[in-house]
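Structural features, examined
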Amino acid sequence: MNKNLQVAKYIVADLFTAALAWTIFFSYRKWVVDHEVLNNLQYVFLDRKLYLGIAVIPFFWLILYIIIGTYRKIYRKSRLKELGQTLSITFIGVTFIFFSLLLDDIVISYRSYYKAFLILFLLHFVLTYSFRLFITSRTIHKIHRRIIGFPSLIVGSNSNAVKIYKEIEAEILSSGNKFVGFISAADNDDFQMSEYLPHLGHIKDLKKLVQEHNIEEVIIAIERSEQNSVERIISQLEDTEVVIKVIPNLQDFLTGAVKTEGIWHAPLIKVSPDLMPAWQMSLKRIIDIVVSAFGMILLSPVYIFVAIGVKLSSKGPVIYKQERVGIHGKPFLMYKFRSMYSDAEQGTPQLSSENDSRITPFGLFLRKVRLDEIPQFYSVFKGDMSLVGPRPERQFFIDQIVKRAPHYRLLHKIKPGITSWGQVKYGYASDVDEMIERLKYDILYIENMSLTMDLKILIYTIMIVIQGRGK
């Protein structure tokens, strides 16, 4: 499956239908207001406003579609959900276009305005959804006929796994699973699934196997006697984008939002991986880009002041960079103004403490007002971090935390941030115990993620900076 090509199909179709809908609507408006279509059709197509609209309006719609997540999960679209989404975003977009571009037309009657709104709405909706319906229907048809599918893995090795495997394989309309193999939760070597699929390993190998085989879907079908392994299985997949499904009798052993799949397929419960609505996630990224860009520009005098202060306070580089672990466990370089003496950490990684002798006097001031963090606007702009999110840690400390708190992996489902609920409530951690204590605040943030929550955390962070209460 070529996801980029599939996305391109939808984008081209959406741009074309937006341009076509505007062209037809523009011609209609000329006829109603100026009667130009009836008298001189050529005049309509010489109007610069027509081509200005064709050049700009389709990209306005494209931005709206990206914000609401239209092009995410491109092979897992539902025609019914797409109908509702297209209907609602068309209403929002047409309302914006109507009030920003059309209300300065010559007023014939307010009834003509309502009629114009309805015509533009119907034109855009019908054309857009018709093309999308065609592309989505062809894709679903290919999935149902097993022409395309999702690399899948069964977790389970005996009767439950065999039963669900047979049900999925016997589906007249395939759900899209292309099984690579199975892994076992039991320690013995007698597996009923060996008759149907290759045995790839044990659940301890799950994350590695998901990466090696590019697994997109994991189906948990373990036995009742193995149900104490569910939390362990889920925790290994928490920082991935893999779709997780479970057989119904495991539902009571899972926490979080679940929803059933299509009625024509095998009875499986899908564990929802979405922490925020798609439109909020897109808007969060837009806010990250805009704020980080303006932050770097507006704070440039502060950057210069801090850089001079760091340079004069002690020998060494102005900017300190360190590898941290980000979304989905991927490492990235995080940048900070150096607040410690050069070569303060040698050998085993160490956390800073409140009265740490390695911190320079100027560095202590920077930490109090959080100015040591402002180079991270660059990481936010790049996309390695977000303005708000759990603080990124080094792999050395993550390995220690996970041994005692496996649910720490849940933090890797989202981008790390410059500030976080844990940072606001707890501040810097000086040892692993404090990291685990701070973890509960970051888990609460993930369970309650929203743009409103981000705004609250940013306000509290600004208050801490102004009051110099940084820990």
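As the structure is a computational prediction, the values presented were derived from the model and not from experiment. (Residues numbered from 1 in each chain as written. Predicted model: local features only at pLDDT ≥ 70, side-chain atom pairs only at ≥ 80, totals over all residues. Heavy atoms only, no water.)

1. Considering helix α9 (residues 230-237)
Counting buried residues along α9, six of its eight residues qualify, which places the element largely inside the surrounding structure. Contact partners of the buried residues in α9: β1 (150-155), α8 (206-212), β4 (217-220) and β5 (243-246). (Buried < 20%, exposed > 50% of the residue type's maximum accessible area, 1.4 Å probe, protein only. Helix = DSSP H or I, 4+ residues; strand = E, 2+ residues; numbered from the N terminus. Contact = heavy atoms within 4.5 Å.)

2. Examining the side chain of K245
Checked against the element boundaries, K245 lands in strand β5. By relative accessible area, K245 is classed as buried at 4%. A polar contact of 3.0 Å, which involves the side chain of K245, links it to the side chain of E217. (Polar contact = N/O pair within 3.5 Å; in protein donor to acceptor, adjacent residues only side chain to side chain.)

3. Things to note about the confidence of the model for the chain
Averaged over the chain, the pLDDT score is 84; the fraction of residues at 70 or greater is 89%. The weakest mean pLDDT in the chain belongs to strand β6 (residues 258-260) at 50; the strongest belongs to strand β10 (residues 386-388) at 95. With pLDDT under 50 throughout, residues 250-258 is counted as low confidence; its partners more than four residues away or in other chains account for 18 contacts. (pLDDT = per-residue confidence, 0-100.)

4. Some details on the side chain of S450
If you trace the backbone, S450 turns up in the loop between α16 (432-447) and α17 (451-467). S450 has contacts with M276 and Q280, leaving out every residue within four places of it along the chain.

5. Quick look at the pattern of salt bridges
As enumerated under the stated definition, the model contains 13 salt bridges in all. The closest approach of N and O atoms between K77 and E82, which form a salt bridge, is 3.0 Å. A single burial state applies to K77 and to E82, both of which are buried. The salt bridge involving D384 is made with K382; its shortest N-O contact spans 3.3 Å. On the basis of relative accessibility, which here comes to 23%, the residue D384 falls in the partly exposed class. (Salt bridge = Lys/Arg side-chain N within 4 Å of Asp/Glu carboxyl O.)

6. Section: the environment of Q423
Its place among the elements puts Q423 in helix α15 (residues 421-425). For the pair Q423 and Y441, spaced 18 residues apart in sequence, the C-alpha to C-alpha distance is 8.6 Å. Those residues in contact with Q423 that lie beyond four places of it in its chain are R370, E373, R391, Y428 and R438.

7. Observations concerning unusual backbone geometry
Of note, H328 is a non-glycine position whose phi angle comes to about 60°, a positive value. Mapped onto the elements of the fold, H328 is located in the loop between β8 (319-325) and β9 (331-337). Backbone geometry at R370 places phi at a positive 60°, although glycine is not the residue there. Looking at the element boundaries, R370 is found in the loop between α12 (361-368) and α13 (376-382). Exposure remark for R370: the relative accessible area of 8% places this residue in the buried category.

8. A closer look at the environment of N4
Note on placement: N4 falls in helix α1 (residues 3-33). In the structure, N4 is positioned 67 residues away from Y71 in sequence and 9.9 Å away in space, judged by C-alpha atoms.

9. Some details on the nonpolar core
Ranked by internal contacts, the top residues of the largest apolar core, which has 42 residues, are V306, F337, L366, Y408 and Y445. Elements represented by at least two residues in this core include exactly α11 (300-313), β9, α12, α13, β10, α14 (395-404), α16 and α17. Sequence-distant contacts of L366, defined by excluding residues within four places in its chain, comprise V306, V310, F337, R338, L371 and D372. Of all hydrophobic cores here, the second largest spans 32 residues; its members include A13, Y71, F121 and F150. (Core = buried A, V, L, I, M, F, W, Y, C linked by side-chain atoms within 4.5 Å.)

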